[in-house]
Amino acid sequence: MLVLLSVPMSAHAQSAQPLDLNGASKTVSAPVPAPAPPRVPVNRQWRGFYVGGFIGGAQGESDLQTSTVFSRTGYFSTSSPPAINTAGHQSLDTSDTEYGGLAGNNIQVGRVIVSGEADYSAMGLSGTVTSGAAYPCCPTTSFSIQQSIDTTWFASVRLRGGFTFGRTMVYGTYGMAWTDLNYEAVFTDNFANAHENGGLDNVQSAPVWGAGVEFWLTRHLTVKGEYLNAEFEPASTTSTNLTAPANQPWPTNVFTHSSTLKLQLFRGGVIWRF
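Everything in this summary refers to the structure shown in the same document. The structure displayed is predicted, hence computed values, not measured ones.

A look at the overall build of the chain
Regarding its fold elements, the chain presents 2 helices and 8 strands. Counting from the amino terminus, the chain carries its helices and strands in the arrangement α-β-α-β-β-β-β-β-β-β. The 274 residues of the chain split such that 38% are buried. Counted over contacts in the chain with a minimum sequence separation of 6, partners at least 24 positions apart contribute 73%. Of the accessible surface of the chain, which amounts to about 14,800 Å², a share of 62% is contributed by carbon and sulfur atoms.

Here you go:
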């Protein structure tokens, strides 16, 4: 009897399979979930060597000074040097586009980033300012002072330190910067066609500091915005080449020319990470 009962039970179990319209059994499969998109580990995305390019604006501020001294065997009367020194204190603001490249390397510990970075950029900061006044001793005559600066490049080596917030990094930076400074000054008058000139052309260095923010786009690509500030030490030179009239030299009237330079840089860049 057990054998007889098992036959209908087995048939009933087989009939539990779903049937299509033709009576054939059909198996129902569960849907297969779509694969998750690959993710870059957050704690690895900023590490390693990188290179990039940037473009932005450069603003320069200069404090210029031309001065001279009285000499009993010189060209000027006692009242002339103070008037020249007052008129010779001038300020000059310049601006231009800046563009260049950079390279660096990041070290990451959790959300903390420490890196070293070097950059070089080209610019064309230049400007000229002119001032003058009447000679106190001789009001119908006057003098003129013209001073100019020119800066064509900027370079820096800096440390960066910051924190990551998801795909964003915020950082501060500090290091050393270098730039070329060409400074020229010319003194003339219409009393006896006096003429004097001086200047310098050399590389200046200064501490540089700033801050920036960087955003991670893909596994290898980031974009950033950055601000840098560098205030270079005063540069000065002297000359004894005053002539007047008819190219007669007056070397005892020593002239001093000096210039300061402050640079502010505003940059936007694209970075490729290896």
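Some details on the packing of aromatic side chains
With the rule as written, the count across this model stands at 13 aromatic pairs. Ring geometry for Tyr135 and Phe143: centres 5.3 Å apart, planes at 45°, overall tilted. Relative accessible area serves as the criterion here: at 3%, Tyr135 is assigned to the buried category. Grouping aromatic residues by their ring pairs yields a cluster made of Tyr75, Phe76, Tyr135, Phe143, Phe187, Phe191, Trp250 and Phe255. Taking NZ or CZ as reference, Arg273 lies 4.7 Å from the ring centre of Tyr50, over its face.

Considerations on unusual backbone geometry
Look at the link from Ala244 to Pro245: it is a cis peptide, with omega at -25°. If you trace the backbone, Pro245 turns up in the loop between β7 (221-239) and β8 (255-273). Positioned with a positive phi, Ala246 is a non-glycine residue whose angle comes to about 50°. With respect to the secondary-structure elements, Ala246 resides in the loop between β7 and β8. We note that Asn247 has phi near 65°; this positive angle belongs to a residue other than glycine. Looking at where Asn247 falls in the secondary structure, it is placed in the loop between β7 and β8. Residue Asn247 is classed as exposed on the basis of its relative accessible area, which comes to 65%.

Here's the deal with the nonpolar core
For soluble globular proteins, the rule of thumb is that nonpolar side chains tend to be buried together. Ranked by internal contacts, the top residues of the largest apolar core, which has 22 residues, are Ile149, Phe154 and Phe232. Looking at this core, the elements with two or more residues in it are β1 (48-68), β3 (112-135), β4 (138-165), β5 (168-189), β6 (195-216), β7 and β8. Counting 16 residues, the second-largest nonpolar core is a separate cluster that includes Ala83, Phe187, Ala194 and Trp250.

Regarding the sheet that holds β8
Strand order in the closed barrel formed by 8 strands is β1-β2-β3-β4-β5-β6-β7-β8, with antiparallel pairing between adjacent strands. For this sheet, the mean inter-axis angle between neighbouring strands, taken without regard to orientation, is 15°. By the bridge criterion, 18 bridges tie β1 to strand β2 (residues 89-109) in an arrangement that is antiparallel. Following the sheet pairing, Gly48 is matched in β2 by Asn106. Seen against the sheet, helix α2 (residues 80-87) touches β1, β2, β3, β4 and β5 and runs at an angle of roughly 155° to β1.

Cut-offs applied
- Each chain has its residues counted from 1, following the order in which its sequence is written.
- Only residues with pLDDT of at least 70 are given local features in this predicted model, and only at 80 or more are side-chain atom pairs given and counted; all residues enter the totals for whole chains, interfaces and linings.
- For side-chain calculations, the full set of non-hydrogen atoms in the structure is used, while hydrogens and water are omitted.
- Strands here mean DSSP runs of E at least two residues long; helices mean DSSP runs of H or I at least four residues long; both are numbered from the N terminus.
- Throughout, exposure labels follow a simple rule: accessible area from a 1.4 Å probe, protein chains only, divided by the maximum for the residue type, with under 20% read as buried, over 50% as exposed, and the rest as partly exposed.
- Contacts are residue-level and defined by heavy atoms, with any inter-residue pair within 4.5 Å sufficient.
- We get accessible surface area from the Shrake-Rupley algorithm with a probe of 1.4 Å; when it comes to residues, only the shown protein chains can shield them.
- Only Phe, Tyr and Trp rings are paired, with Trp represented by its six-membered ring, and only when their centres lie within 6.5 Å; those with planes under 30 degrees apart are stacked, over 60 edge-to-face, the remainder tilted.
- Counted as over-ring charges are cases with an Arg CZ or a Lys NZ within 6 Å of the ring centre that also lie within 35 degrees of the ring normal.
- Only buried residues count toward a nonpolar core, which is a set of Ala, Val, Leu, Ile, Met, Phe, Trp, Tyr and Cys residues joined through side-chain atoms within 4.5 Å.
- The criterion for strand pairing is that DSSP finds at least two bridges linking the strands in question.
- To get an axis, fit a line to the C-alpha atoms, keeping to the stretch in contact for a helix; angles then go from 0 to 180 degrees between the N-to-C directions.

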